[in-house]
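For reference, the chains in residue letters:
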Amino acid sequence: MMPQTENDIDLSEVKDAAAFLRRDNPVIPHLAIVIGSGLGAFLNTIEKTGQFPYATIPHFPVSSVAGHEGEWIFGTSDGNPVIILAGRKHLYEGAGVAACTFAIRLLGELGVRMLILTNAAGALSRHLLPGDLILIADHINLMFRKPLFPPNPERLFDRLPCSAETYDIRLGKIARDVASAEKIPLKEGIYLGTMGPSYETKAEAQFMKWLGADAVGMSTVLENIAARQLGMRVLGISYISNSVLFPGIQGKITHEEVLANAKLVEVNFAKLMRGVIRAISVSAVVEELHESG
Ligand code: HPA
């Protein structure tokens, strides 16, 4: 079926892309990670076994944002198999929710069962500072969109999915345990997803804070919703790139500031990711996935 609106995804395109990736990579890892703005240093720690610029994957939407390399990577982290998505499509690029979640539906089609979503976010809470890493406890969707409308004739997924455990409790505990063992400061908070691409007005920032959000960003929420509909367990990690309540000395938030501040955290981010991948790969969560096929 051809897509009718920006909300629809053509599942036959997802299947084409999956067949393409499977051809050279018949054994698909259980775990995938989406890397946020400026966090590419972690990629240097990955032993790459297959690299596919997004433009080479059939039907794959290509990101147009600086700092998002746009590449699908099969690899290992300290010997543990993982898929890395370096670069993502954002709603503010004008492509619609289907394009923003194509990669997630593709991961689902390939059989990936666990997903780590990472992003840059602005701090709304006084307790968060540029350079902090936070575990996303939950999210608020202020994008006014949901990626839940693909044609579903075979009832492949739940049309009205439950949103009670948006971020997986056990994966969250693993991240906290790794952070404390490795002495990496890891805070916790509610992530609010906005369409962007303008940064928040002062009044909007107050409103978001009042809603209960600790951090705000322009990604992750739609990906999480699609992944949860597909039954994946999701871990969310934000790095705080700027303060929304107290913008930088120049009084302005810029994408350059977001990317530059990633440098404050990239070493700890890479350490946390490696530790989490290692811990997940030997954990009961993975054993359970093997048992359930
Ligand atoms: N607002 C929205 N999205 C963001 C921000 C911000 O301040 N920083 C990084 N992504």
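The shown structure was predicted, so the numbers you read here are calculated from the model rather than taken from an experiment.

Here is what the cut-offs are and how they apply
Residues numbered from 1 in each chain as written. Predicted model: local features only at pLDDT ≥ 70, side-chain atom pairs only at ≥ 80, totals over all residues. Heavy atoms only, no water. Buried < 20%, exposed > 50% of the residue type's maximum accessible area, 1.4 Å probe, protein only. Helix = DSSP H or I, 4+ residues; strand = E, 2+ residues; numbered from the N terminus. Pairing = 2+ DSSP bridges. Near = heavy atom within 4 Å. Polar contact = N/O pair within 3.5 Å; in protein donor to acceptor, adjacent residues only side chain to side chain. Areas by Shrake-Rupley, 256 points an atom, 1.4 Å probe, with all protein chains shown as cover. Nonpolar A, V, L, I, M, F, W, Y, C, P; charged D, E, K, R; others polar. Expected span 1.5 Å × (residues − 1). Bend = angle between axes of the 7 residues up to and from the residue. Axes fitted to C-alpha atoms, helices over the stretch in contact; angles between N-to-C directions. Parallel < 35°, antiparallel > 145°, perpendicular 65-115°, else oblique. Left-handed = near helix turned anticlockwise from the far one by under 90°. Contact = heavy atoms within 4.5 Å. Salt bridge = Lys/Arg side-chain N within 4 Å of Asp/Glu carboxyl O. Phe/Tyr/Trp six-rings, centres within 6.5 Å; stacked < 30°, edge-to-face > 60°.

Observations concerning the pairing of strand 1 (residues 31–35)
Part 1 of the argument: Burial analysis of strand 1 places five of its five residues in the buried class, the great majority of the element.
Part 2 of the argument: Side chains of strand 1 alternate between two faces, with Leu 31, Ile 33 and Ile 35 and Ala 32 and Val 34 buried alike.
Part 3 of the argument: Direction of pairing for strand 1 relative to strand 5 (residues 114–123): parallel, over a ladder of four bridges. Opposite Ile 33, over in strand 5, you have Ile 116 as the bridge partner.
Part 4 of the argument: Here four bridges tie strand 1 to strand 4 (residues 80–86), and the two strands are oriented parallel to one another. Within the sheet, the bridge partner assigned to Val 34 lies in strand 4 and is Leu 85.

Focus on the site of the ligand
Part 1 of the argument: In the vicinity of the ligand, the residues found are Ala 120, Ala 121, Gly 122, Tyr 199, Glu 200, Val 216, Gly 217, Met 218, Ser 241, Asn 242, Val 244 and Val 258.
Part 2 of the argument: A distance of 3.5 Å separates a nitrogen atom of the ligand from a polar backbone atom of Ala 120.
Part 3 of the argument: A total of 260 Å² of accessible area belongs to the ligand in isolation, and the protein chains cover 95% of it.
Part 4 of the argument: Within the residue set of the shell around the ligand, elements represented by two or more residues are strand 5, strand 8 (215–217) and strand 9 (233–243).
Part 5 of the argument: Counting residues per element, the shell around the ligand draws most heavily on strand 5, at three residues.
Part 6 of the argument: Among the residues forming the shell around the ligand, the class breakdown is seven nonpolar, four polar and one charged.

Description of helix 2 (residues 97–110)
An α-helix turns once every 3.6 residues. As a result, residues three or four positions apart point the same way.
Part 1 of the argument: Between its first and last C-alpha, helix 2 extends 20 Å over 14 residues, near the 20 Å set by a 1.5 Å rise per residue.
Part 2 of the argument: Considering bend angle alone, the principal kink of helix 2 is centred on Ala 103 and spans about 35°.
Part 3 of the argument: Across the 14 residues of helix 2, twelve count as buried, placing the element largely inside the fold.
Part 4 of the argument: Every buried residue of helix 2 is accounted for by Val 97, Ala 98, Ala 99, Cys 100, Thr 101, Phe 102, Ala 103, Ile 104, Arg 105, Leu 106, Leu 107 and Leu 110.
Part 5 of the argument: Positive backbone phi, at 95°, marks Gly 111, one or two positions downstream of helix 2.

What to know about the packing of helix 2 against helix 5 (residues 221–229)
Each pair of packed helices can be described by the angle between their axes along with the distance between the axes.
Part 1 of the argument: At their nearest, the axes of helix 2 and helix 5 sit 9 Å apart, and the two run at 50° to each other. With respect to their mutual orientation, helix 2 and helix 5 come out oblique. For the element pair helix 2 and helix 5, the recorded crossing hand is right-handed. In contact with Val 97, Cys 100, Thr 101, Ile 104 and Arg 105 of helix 2, helix 5 contributes Leu 222, Glu 223, Ala 226, Ala 227 and Gln 229.
Part 2 of the argument: Split into classes, the residues belonging to the contact of helix 2 with helix 5 amount to six nonpolar, two polar and two charged.

Here we look at the pattern of salt bridges
Part 1 of the argument: Counted by the stated rule, this structure contains ten salt bridges.
Part 2 of the argument: The shortest N-O distance in the salt bridge between Asp 168 and Arg 233 comes to 2.9 Å. Placement of the pair is Asp 168 in the loop between strand 6 (133–142) and helix 3 (169–181) and Arg 233 in strand 9, with a sequence separation of 65 residues.
Part 3 of the argument: What makes Asp 168 buried here is its relative accessible area of 11%.
Part 4 of the argument: Residue Arg 233 is classed as buried on the basis of its relative accessible area, which comes to 18%.

Considerations on the packing of aromatic side chains
Part 1 of the argument: What the rule picks out here adds up to eight aromatic pairs.
Part 2 of the argument: Consider the rings of Phe 60 and Trp 72, whose centres lie 6.2 Å apart with planes at 85°: the pair is edge-to-face. Of this pair, Phe 60 sits in the loop between strand 2 (47–53) and strand 3 (71–77) while Trp 72 sits in strand 3, and the two are twelve residues apart along the sequence.
Part 3 of the argument: Its relative accessible area of 0% is what places Trp 72 among the buried residues.
Part 4 of the argument: Between the aromatic rings of Phe 207 and Trp 210, the centroid separation amounts to 6.1 Å while the plane-to-plane angle is 25°, which identifies the pairing as stacked. Placement of the pair is Phe 207 and Trp 210 together in helix 4 (residues 202–211), with a separation of three residues, close to one helical turn.
Part 5 of the argument: Phe 207 sits in the partly exposed class, given a relative accessible area of 39%.
Part 6 of the argument: Chaining the aromatic ring pairs together yields one cluster made of Phe 20, Phe 52, Tyr 54, Phe 60, Trp 72, Phe 74 and Phe 102.

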